[in-house]
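Chain by chain, the residues:
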2 protein chains.
Amino acid sequence: MRLAVLAHGKFPDDAKTAVGLLRYGDHDVAAVLDRDLADGRSDAAAGARVSDYLPDVQDAPVVAGIDDVPEIDALVIGIAPIGGGFDESWRDDVRGALSRGCDVWSGLHYFLSEDEEFARLADEHGCELWDVRRPPADLTVAEGVARDLDATIVTTVGTDCSVGKMTATLELLEAARDAGLNAGFVPTGQTGIMIEGWGIPIDRTISDFTAGAVERMLVERAAEYDYLLVEGQGSIVHPAYSAVTCGILHGSMPDHLVLCHEAGREVVHGYEAFDLLEPGAAAALYESLAEPVHPAEVVGGAVNTAGIADDGAAREALADFGDAIDAPATDPVRFDADDLVEAIR
Amino acid sequence: MRLAVLAHGKFPDDAKTAVGLLRYGDHDVAAVLDRDLADGRSDAAAGARVSDYLPDVQDAPVVAGIDDVPEIDALVIGIAPIGGGFDESWRDDVRGALSRGCDVWSGLHYFLSEDEEFARLADEHGCELWDVRRPPADLTVAEGVARDLDATIVTTVGTDCSVGKMTATLELLEAARDAGLNAGFVPTGQTGIMIEGWGIPIDRTISDFTAGAVERMLVERAAEYDYLLVEGQGSIVHPAYSAVTCGILHGSMPDHLVLCHEAGREVVHGYEAFDLLEPGAAAALYESLAEPVHPAEVVGGAVNTAGIADDGAAREALADFGDAIDAPATDPVRFDADDLVEAIR
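Notes on the structure in this doc start here. Since we're looking at a predicted model, the values are computed, not measured.

### Things to note about the pairing of strand β7 (residues 152–158) of chain B
All names here are of chain B.
Part 1 of the argument: Burial of β7 is extensive: six of the seven residues sit out of reach of the surface.
Part 2 of the argument: Where β7 and strand β9 (residues 227–230) come together, four bridges link them in parallel fashion. In the strand pairing of β9, Thr152 is matched with Tyr227.
Part 3 of the argument: The pairing of β7 with strand β10 (residues 256–262) spans five bridges and is classified as parallel. Looking at β10, one finds that Thr155 is bridged to Leu257.

Have a look at this one:
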């Protein structure tokens, strides 16, 4: 599939989905829509490019709107404003894409398929509106069978939300495949689902069905893969999101855990009155909580060290983290994920 | 309000909502509908009564259908079949109630307000269809403020689901009020919500909003009460429902925990391949999980000893449980909840 990714005013720093698709997706990205970046260029002929901002992902032109986009199969809403609403300034782009016969993918809380104009245009032009954040209607409670599956299940957990669990999972996936392991990805959030083209948005399921939704994905994929890498969410001591974390932990019944962290983070992101647990205490708590359902150990750590300029200092931070959790730790983006592959095999 | 409670074929043993309303509700119950019990009586003139089956709750006649029910304000669906569907054999009763101008309360997954006939009848006769299991549409993520509220918050937690957390909470409420405490109830499930006439069905919220929904209830009630008693759900190591439990724990940020258990239970109800934690280990795990968000200790145990015939043996089981959790334990139904009141004040 050829995609265009809408990220007006947010690319690249606040465009997690756009950057995820550029970095980890199998799809060709034909253009990124960011009218601020496109208009801000004095040399319009040369044009802004993704590589001006992110050197290590697939390159694409940055354009002002859908009229500047070459032939594509789908337009993706690649940003998620707080609250998840639809910004009316994007309507022309979505309208233009549908009128050209392109599908539109969205991870917004606002469902495009319930927008009267978009539904009508999609119908007229034979396009699909994929609201990634809408869970299947037929979810149910877990049966408690994930621990009986043949695949080795690895779940990423975190000291906090927004520490890089999706990134760590996808880096581990790539490294595992490079090492010859037959590994599959189990996405639980909107960006992961768009990258994989499949999955259930676990934070949007009915709370009684949280574990059941994770279990359903694992059951569906277990025959196909020897290793299933489950994207975790939130943290088990997060004041708002721990329910989601707990449902993923017990629904996935992992054999191994990988603990994710951002170096230097000491308080909960967005809830600064709450301290994070020390890494060792966090690892122990995840293990205690997993154990009665299916025993799992933290076999490795994945630490985002982007905030540490010096490679040597980053390696020191990783060594400290590894000591604290009594397992190897790496920054899979800055360095590599080989130690994590060894730890799960 | 005067209620009639529908419990066809299930009264009293499988009619948790009906029995809850009879035992703990402030409403007068004018009749219980159970056609099997009503028809099974040889002496139709005398008629079956609730007191034939449950001596310790408010009494009412047991009748075969809505036509035998005296004047009421609302008909309550007092049973919840597995799956939560609507049994078509109840349609005449609901139709009859609405035609008489009565409201209908339901805790089914099947929403009566989305049933075309019921919606039309309710509209024609000016009645309300209260689908207790439908959460408010405007829920959102927790702000993390429950720990800052003035009220003392007590949350019931369990070694398993279906061990009597609602019952323990309501018995503690009554005992606390008898002792002069200004205590309020925070229901999280359908039966508790019907008893209280207010509340949010936490197991039906979007998983991201689980803690937020609990927090909203506490914020709403904190000005009114010195003590808020939160009805827990499930168990933190339940293979299917732990997400709900975790959301309630962190959303309520309790000052004290009361650990509920059924004497003799050793495996997870309905998931018999999973062992329960020992009571002491369960208490420690709840405390470890609460601590990073807001420290809380298990200050008492509430054990359902109905399966133990002898009072002396029941007291021994309670003493053992108390030793294991290092706090006083009681069966608040069989004996009293005075020790629990002492523990939270």
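Back to the write-up after that little detour.
### A word on the pattern of salt bridges
Part 1 of the argument: Enumeration over the complete set of coordinates arrives at 32 salt bridges over all chains.
Part 2 of the argument: Where Arg49 of chain B meets Asp59 of chain B, a salt bridge forms, and the shortest distance between an N and an O atom there is 2.8 Å. Note that Arg49 of chain B is positioned in the loop between α2 (35–39) and β3 (62–63) and Asp59 of chain B in the loop between α2 and β3, a separation of ten residues in sequence.
Part 3 of the argument: Here Arg265 of chain B makes a salt bridge to Asp160 of chain B, at a shortest N to O gap of 2.6 Å. Placement of the pair is Arg265 of chain B in the loop between β10 and β11 (267–268) and Asp160 of chain B in the loop between β7 and α5 (165–178), with a sequence separation of 105 residues. For the pair shown, Arg265 of chain B and Asp160 of chain B are each scored as buried.
Part 4 of the argument: Linked through salt bridges whose partners overlap, the residues forming this network are Glu88, Arg91, Asp92, Arg95, Asp115 and Glu117 of chain A.

### Thoughts on the relation of the copies chain A and chain B
Part 1 of the argument: For the pair chain A and chain B, the superposition axis carries a translation of 0.0 Å, the fit reaches an RMSD of 0.0 Å, and the rotation angle comes to 180°. Look at the turn and shift together and you get a two-fold axis relating the two.
Part 2 of the argument: Residue by residue, 100% of the interface of chain A is reproduced at the interface of chain B, so both copies engage with the same surface.

Thresholds, definitions, all that
- Residues numbered from 1 in each chain as written.
- Chains lettered and ligands numbered in written order.
- Predicted model: local features only at pLDDT ≥ 70, side-chain atom pairs only at ≥ 80, totals over all residues.
- Heavy atoms only, no water.
- Buried < 20%, exposed > 50% of the residue type's maximum accessible area, 1.4 Å probe, protein only.
- Helix = DSSP H or I, 4+ residues; strand = E, 2+ residues; numbered from the N terminus.
- Pairing = 2+ DSSP bridges.
- Salt bridge = Lys/Arg side-chain N within 4 Å of Asp/Glu carboxyl O.
- Least-squares fit on C-alpha atoms with pLDDT ≥ 70 in both.
- Contact = heavy atoms within 4.5 Å.

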